[in-house]
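Structure assessment
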Amino acid sequence: MSTNQFTKPATAKVEDNILTIGGCKTTDLAKQYKTPLYVIDEESIRSVCREYQSAFKKYNNKNPNKKLFRPLYASKALCVGALAKIISSEGFGFDTVSMGEIYTLYKAGIDMKTVLFNGNNKTPEELELALKADIGRYSVDNFYEIELLSELTKKYNKKVDVLLRITPGIECHTHDYIKTGQIDSKFGFDLHQVDEAVEKILKNYEYMHIKGIHAHIGSQIFEDKCYYDEIEILVEEISRINKKFGLKLDEMNMGGGLGVKYVKTDKPPAIEEIGNGIISKLEECIEKYGIEPPVIYIEPGRSIISTAGTTLYTIGSMKQVLNGTKYVSVDGGMADNPRPSMYQAAYEADIVTKMNDEKAEKVTIAGRFCESGDILIKDIMLPKIESGDILCVYNTGAYNYSMASNYNSVEKPAMVLVNNSQSDMIINRETLDDLISKQVIPDRLKG
Ligand SMILES: *Cc1c(COP(=O)(O)O)cnc(C)c1O
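Residues numbered from 1 in each chain as written. Predicted model: local features only at pLDDT ≥ 70, side-chain atom pairs only at ≥ 80, totals over all residues. Heavy atoms only, no water.

On to the pattern of salt bridges, then. The full count for this structure, using the stated rule, is 25 salt bridges. One salt bridge in this structure joins lysine 244 and aspartate 195, with 2.8 Å as the shortest N-O distance. One end of the pair, lysine 244, is in helix α9 (residues 224–245); the other, aspartate 195, is in helix α8 (residues 194–203), with 49 residues separating them in the sequence. Residue class for aspartate 195 comes out buried when judged on its relative accessible area of 17%. Within this structure, Glu42, Arg46, Arg50 and Glu90 form a network of salt bridges that share partners. (Salt bridge = Lys/Arg side-chain N within 4 Å of Asp/Glu carboxyl O. Helix = DSSP H or I, 4+ residues; strand = E, 2+ residues; numbered from the N terminus. Buried < 20%, exposed > 50% of the residue type's maximum accessible area, 1.4 Å probe, protein only.)

Pasting the structure below:
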């Protein structure tokens, strides 16, 4: 089984009825670092990275002189220096979407040549910073960006390598799959705009080198077929552009999107299976459209980091509605995990000291924030709960901290990395002074 097919971190174990992760007792972690707490399992990250590398290994053999398989971690899922170090050490580069992400990686000492900058409205300041940092690739999204980038590359006398972000007419989320010639999307060039975009980039040939094309077809994808349709379109497009413009584009970025198992009914495909399917489809299309085996980039975010993350909360108040729901409130909620309130995302949870106890009670886990919609999990079966119990919610590595807010002026939780029975703080808990550190009271209001 692949790590993205577990609901719990790879190292999750039960000892004396208590959940341990990375060899650390979750009760000890809660005591030492307080709650809410994000716990990240290093082993889960490394194993999923290795699964990707091994699934695509045979594609690299097609041209041993050139690293053909280049995985990039989509930083937006969770962008933290310590984790970037781990992911980079597993041979991954990085897909980024902001100056903040590029800066985080830069300060962590990541090789900037492995960084790709993506996004539909990169600002001039962001592009300048990216140029100064000498990042490896720009995924050029629109005509405005081609103009901006050609001005800035001239100004700073920098040569850049670019991919053309296109909208291939496929959109895929879990079971929802749309394929039409035209997708209404804010990202990338529509297929009918591609030739004009290529012409504009070729006009700036001294500074901008087009290397290939890029697409991203969705997130939390369970259907491997989406990727195969995407490959067909991308390869056909590369072959067509090369013929029409006499070019040798040889890079193809397929984007991210592979799903994870949040709840038992989720059935994401195994990484090895996806890898094999992608390689066979590529082989078929390379032959059919007569191109050299291209460099392929994939950009998984969620499937790298989701399963590695578990959030610990302390249970406080409880409320039994007459003949109805039992609400159990925790010391976090929509500010540290906005996914349930934003798009009804579902999660599994346990009481960390009652792992083997019978799940006898149906409860709804409520957050502490002042919104009726701040419900983390609706109707979950758990053992009998007491105030002070520690609740863990699994699969919170992706799009939790990276989407967290300070709603209700609550400090963002700390994050710890666990491995081999050791725990290390990788993000300190915010303090009350952090919360007000950017506020200014004008002199005239003082005194
Ligand atoms: C969001 C995004 C990803 C990552 O998607 P996941 O579903 O987290 O794997 C990769 N590439 C691009 C361009 C994205 O926008």
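Together, Met342, Tyr343 and Met403 line one region of the surface with nonpolar side chains, adding up to about 270 Å² of accessible area. Relative to the helices and strands, tyrosine 343 resides in helix α12 (residues 339–343). (Patch = residues over 30% accessible without salt bridge, like charges linked within 9 Å, V, L, I, M, F, W, Y side chains within 5 Å. Areas by Shrake-Rupley, 256 points an atom, 1.4 Å probe, with all protein chains shown as cover.)

A common way to state how big an interface is: give the accessible area lost once the parts meet. We note that the domain assignment places domain 1 (3–40 + 308–436) and domain 2 (68–305) within the chain. With centres defined by C-alpha atoms, the gap from domain 1 to domain 2 works out at 33 Å. Contacts between the two partners involve 21 residues from domain 1 and, on the opposite side, 21 residues from domain 2. Taken together, both faces of the contact between domain 1 and domain 2 bury some 1,900 Å²; the carbon and sulfur share is 59%. When the buried surface of domain 1 facing domain 2 is broken down by residue, Asn4, Gln5 and Tyr399 rank first, second and third, together holding 34% of it. On the surface where domain 1 and domain 2 come into contact, there are one salt bridge. Lysine 264 is paired through a salt bridge with glutamate 348; the nearest N and O atoms lie 3.6 Å apart. For the pair domain 1 and domain 2, the number of links is 10 residue pairs in polar contact (both at pLDDT 80 or more). Every element with two or more residues in the side of domain 1 that touches domain 2 is listed here: β22 (414–419) and β23 (422–427). (Domains from an automatic or database assignment. Contact = heavy atoms within 4.5 Å. Buried area = accessible area lost by both parts, 1.4 Å probe. Polar contact = N/O pair within 3.5 Å; in protein donor to acceptor, adjacent residues only side chain to side chain.)

Turning our attention to the packing of aromatic side chains. The tally for this structure, following the rule as stated, stands at seven aromatic pairs. Between tyrosine 38 and tyrosine 401 the ring centres are 5.7 Å apart and the planes differ by 90 degrees, which places this aromatic pair in the edge-to-face class. Taken together, the residues tyrosine 38 in strand β4 (residues 37–41) and tyrosine 401 in the loop between β21 (390–394) and β22 connect sequence positions 363 residues apart. Here tyrosine 38 falls in the buried class, since its relative accessible area comes to 1%. Ring geometry for phenylalanine 56 against phenylalanine 69: centres 4.3 Å apart, planes inclined by 5 degrees, an arrangement best described as stacked. Of this pair, phenylalanine 56 sits in the loop between α2 (42–55) and α3 (57–60) while phenylalanine 69 sits in strand β5 (residues 69–74); the two residues are 13 residues apart in sequence, bridging distant segments of the chain. With respect to class, phenylalanine 56 is no different from phenylalanine 69; both count as buried. Sitting over the ring of phenylalanine 369, arginine 368 keeps its end group 5.7 Å from the ring centre. (Phe/Tyr/Trp six-rings, centres within 6.5 Å; stacked < 30°, edge-to-face > 60°. Lys NZ or Arg CZ within 6 Å of the ring centre and 35° of its normal.)

Okay, helix α7 (residues 143–156) next. With 14 residues, α7 extends 20 Å between its outermost C-alpha atoms, agreeing within 8% with the 20 Å of an ideal straight helix rising 1.5 Å per residue. Along α7, the positions that sit buried rather than exposed are Glu145, Ile146, Leu148, Leu149, Ser150, Leu152 and Thr153. The inward-facing, buried residues of α7 abut α6 (124–132), β8 (137–140), β9 (160–167), β12 (189–190), α8 and β13 (208–214). Capping the start of α7, asparagine 142 holds a side-chain oxygen 3.3 Å from the backbone nitrogen of tyrosine 144, two or three residues further along. Positive backbone phi, approximately 50 degrees, marks asparagine 157, located one or two places after α7. (Expected span 1.5 Å × (residues − 1).)

Before going further, it helps to examine the sheet that holds strand β3 (residues 24–25). Sheet strands line up and pair through hydrogen bonds in the backbone, either parallel or antiparallel. The three strands lie next to each other as β1-β2-β3, forming an open sheet whose pairing is antiparallel. Of all the strands in the sheet, the pair left with one neighbour each is β1 (13–15) and β3. Two elements, β1 and strand β2 (residues 18–21), share three bridges in a ladder whose sense is antiparallel. Across the sheet, residue lysine 13 finds its bridge partner in β2, namely threonine 20. (Pairing = 2+ DSSP bridges.)

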